[in-house]
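# Per-entry structural report
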Amino acid sequence: MSIQHNDQTHVFSLTTAHTLYQMKADANGVLLHLYYGRKTDGEMSYLIRMTDRGFSGNPYEMRGSRGYSLDTLPQEYSGSGVGDFRLPSVQTVSENGSRSVDLRFVDFAIRKGRPALRGLPFAREAEDTETLTVTLRDSVIGLDVQLNYRVFPGEDVIVRSARIINTGKQPLRLEKAASACVDFLYGDFDVLHFHGRHCMERVPERLRLPRGIASFGSRRGMSSHHSNPFVILCDRHATENAGDCYGCMLMYSGNHLEEMEVDQAGSTRLVSGIHPDGFSWTLAPGEAFQTPEVLLSYSADGLNGLSRHYHDMIRRRVIAPRWQEDRRPVLINSWEAAYFDFDAEKILRFGRAAKDMGIEMLVLDDGWFGKRNDDNSGLGDWVVNESKLGCSMKELSDRIHEMGLQFGLWFEPEMVSEDSDLYRAHPDWALADPDRKAMLARNQWVLDMSRQDVVDYLFDAMCAVLDHAKIEYVKWDFNRSVANCYSHALPADRQGEVAHRFMLGTYQLLERLLARYPDLIIEGCSGGGGRFDAGMLYYCPQIWCSDDTDAIERLEIQRGTSYGYPVSAMGSHVSASPNHQTGRAVPLDTRGIVAQSGTFGYELNPGKLSDAEKEEIKKQIADYRRFAALIAHGDYYRLTELNDGRDAEAWMFAARDGSEALVNLVLTHVRANGPFPFVKLQGLIPDAAYRLEGTDRTYTGAALMYGGFSFPLKSGDYAAYQLHFTRI
Ligand code: DGJ
């Protein structure tokens, strides 16, 4: 039993393999957060102390106890306007204009299975997953909040969400609906958040939490390149391998906000959910609003330990079961090979060369449909441009399959070009404020995915292409931020719902396509990694990590991504050198080693490769096949500390049974007469012996982990090392 309730004390204990999450409904019905962290025994309520803090008032019924204040007690889901002056979790406006929410415990239920999330992605339950639902109520305004806690013991993850129900007789306007709130009474935390930009996503930044509020989020209608919906709070002294770390990952691909407040007494509140800016949702009597899920985890084993929890969780409970075990095909993508300039013959030439090197799938990127020879037109017209191709999509796909390759195709479903038949037929299907020309980005507009007719059109249009030709893979792109988020299908007072309804429309379209094509791989993409989040990963087993394919830049991008997401989800390709984004020249073996720590593929014109390069690529692919299971399912460790000033980036994969390990190191700065690159390995069995492939040398796990391993010096820019150790 991972969830326990004590009838006498009303303490709820949620237990995973290594953690305890505890809360208590007190005598006033306030649901107090008691503890989250390393597993302990017994009740942790002794941690709560009360004192009369000036300007922190008392609920009316506690007027005799001046130490009892909602402003200082740790709570599971904060209300608003009734004396807790810290971050609210929920905000409403009643018909009479009141904005106060005071939530008190009503009852609870513990059950197997999960709450219905209606159209949202969710963590897939395991055999032992239990759900606790605690109902809080504000009987004055007629509001119930059902807090759901789903416990994943094996992954050390607790999944939270909230269902907010109007139980009154009047409409209620919701203005904030967080998925979770966690109060840490004690602790001196750093926050790690993941900022970025197009072509440099998920850059980790570690900051000491200031007094007051720190927040990160996106109002771009997408989880964004600029701020990933994932934060880590860690002990100020935590390293990659030691120290307390808490993760909070929102399973959502739209606007989001992660807020942290350090209060007057040094306690920290963390609130995560849909961004309240621009959000409002009208609940008629009896109606409910469901928030997305948040994946919470704690590790005492530093940032690497926390990352491994999320990697396991995403690999087992987020990615569709269809793709959890299967190795994804090694693919070649046409984008950097040809951009918009191709016909079927050129694509077939790519295919023949790719097949000779051992590549397994060819993906035709942007430009095959409508009128689309640059990025100024055609989006929305998902009709094959046969005159450009010189044949039908079926003929092209058949010829690719005859070569022994699988075939994939690019779409950007949620967008429309002004110069398109779709826009000319349905101008009201684009998001745009009345009487105002909407912002253009990449010369395109955003379709109103909150409309069922738009979703239905896209479903039919995509099915027509997918039914016509044999297509095993779709690259699902999204190339701009959402502005002018106004739907012509909703009344004025419901425009605050559009951004979330947009996401529900997108999720519905993904869901319907996957129901119809269960073997289709949909690779998420958003100008690279602008929607790299657990919400998209529920539908897409892999996401194109970045439009920056420079292997040296990718070291940073993939490292940053690895804090929350497994490498088996990271789309990563070997591209041409000099690189198209940076102009940097990087050796082919280094490019291979970096791309290998991902779903692996190629993004170059094979016709421009020398014979020697083709031979090297054959070997790269053969190596990848040998290591693919270890890379996809092994434990991943970052071997270099964040920003440690060294001239190398190193990481490794260790088989969970200790049978083998793959160590990678890339020199980011070569120096004359420099120090030997050096790392300490992780995840080996101390007293087991390991042989280094290609040598007769053996080492004990203890030697490699505690003594470490030093590498010979190499000259030349961006050299890489790869070591494979096998237990003997
Ligand atoms: C952005 C993607 O990230 C690229 O890989 C490519 O598909 C282009 N869009 C095509 O327009």
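Residues numbered from 1 in each chain as written. Predicted model: local features only at pLDDT ≥ 70, side-chain atom pairs only at ≥ 80, totals over all residues. Heavy atoms only, no water.

Let us now look at unusual backbone geometry. With an omega of 0°, the peptide bond running from Ser 577 to Pro 578 counts as cis. The topology assignment puts Pro 578 in the loop between β30 (573–575) and α11 (588–596). The residue Ser 224 is not glycine, and still its phi comes out positive at about 90°. Counting through the fold element by element, Ser 224 comes out in the loop between β13 (212–218) and β14 (227–235). (Helix = DSSP H or I, 4+ residues; strand = E, 2+ residues; numbered from the N terminus.)

The next subject is the domain arrangement of the protein chain. Domain annotation for the protein chain reports domain 1 (3–318), domain 2 (322–633) and domain 3 (638–727). Averaged C-alpha coordinates put domain 1 and domain 2 at centres separated by 34 Å. Together, the buried faces of domain 1 and domain 2 total about 3900 Å²; carbon and sulfur atoms form 54% of this surface. Considering only the side of domain 1, the residues that lose the most area to domain 2 are Arg 202, Trp 281 and Arg 315, jointly responsible for 17% of the buried surface there. Between Glu 240 and Arg 559 there is a salt bridge, with its nearest N and O atoms 2.9 Å apart. Viewed at the interface, domain 2 and domain 1 are joined by 31 residue pairs in polar contact (both at pLDDT 80 or more). (Domains from an automatic or database assignment. Buried area = accessible area lost by both parts, 1.4 Å probe. Salt bridge = Lys/Arg side-chain N within 4 Å of Asp/Glu carboxyl O. Polar contact = N/O pair within 3.5 Å; in protein donor to acceptor, adjacent residues only side chain to side chain.)

The next subject is the packing of aromatic side chains. Taken as a whole, this structure holds 41 aromatic pairs when the rule is applied. Taken together, a centroid distance of 6.3 Å and an interplanar angle of 65° make the contact between Phe 230 and Tyr 565 edge-to-face. Of the two residues, Phe 230 is situated in strand β14 and Tyr 565 in the loop between α10 (551–562) and β29 (570–571); the sequence distance between them amounts to 335 residues. Ring centres 5.8 Å apart and planes at 70° place the aromatic pair Tyr 699 and Phe 709 in the edge-to-face group. With Tyr 699 in strand β37 (residues 698–700) and Phe 709 in strand β38 (residues 709–710), this residue pair connects regions lying 10 residues apart in the sequence. Here Tyr 699 matches Phe 709 in class, with each residue buried. The structure contains a cluster of three or more aromatic residues connected by ring pairs, namely Tyr 21, Tyr 36, Tyr 149, Phe 184, Phe 189, Tyr 246 and Tyr 298. The ring of Phe 342 has Lys 388 lying over it, and the distance from NZ or CZ to the ring centre is 4.4 Å. (Phe/Tyr/Trp six-rings, centres within 6.5 Å; stacked < 30°, edge-to-face > 60°. Buried < 20%, exposed > 50% of the residue type's maximum accessible area, 1.4 Å probe, protein only. Lys NZ or Arg CZ within 6 Å of the ring centre and 35° of its normal.)

Another aspect to go through is the sheet that holds β37. Pairing is antiparallel in the open sheet, where six strands are placed in the order β32-β33-β34-β39-β36-β37. Each having just a single partner strand, β32 (635–638) and β37 make up the two edges of the open sheet. The mean inter-strand angle of the sheet, taken between neighbouring strand axes irrespective of direction, is 25°. Across seven bridges, the pairing between strand β34 (residues 660–667) and strand β39 (residues 720–727) is antiparallel. Residue pairing for β39: Asn 664 is matched across the bridge by Gln 722. Sitting on the sheet, α11 is in contact with β33 (648–654), β34 and β39, with an inclination near 55° to β39. Sitting on the sheet, helix α12 (residues 611–633) touches β32, β33, β34 and β39, and the angle it makes with β34 is about 90°. (Pairing = 2+ DSSP bridges. Axes fitted to C-alpha atoms, helices over the stretch in contact; angles between N-to-C directions. Contact = heavy atoms within 4.5 Å.)

A few words on α12. In this model, α12 (23 residues) spans 33 Å end to end at C-alpha, consistent with the 33 Å of a helix rising 1.5 Å per residue. Of all the bends found along α12, the most pronounced is centred on Phe 627 and spans about 55°. Taken residue by residue, α12 has Ile 617, Gln 620, Ile 621, Asp 623, Tyr 624, Phe 627, Ala 628, Leu 630 and Ile 631 as its buried positions. (Expected span 1.5 Å × (residues − 1). Bend = angle between axes of the 7 residues up to and from the residue.)

Here we have four strands laid out as an open sheet, ordered β1-β2-β3-β4, and antiparallel in their pairing. Each having just a single partner strand, β1 (3–5) and β4 (31–38) make up the two edges of the open sheet. On average, each strand axis in the sheet is inclined to that of its neighbour by 15°, with strand direction left out of account. In this sheet, β4 lies alongside strand β3 (residues 19–25) in antiparallel orientation, the contact comprising seven bridges.

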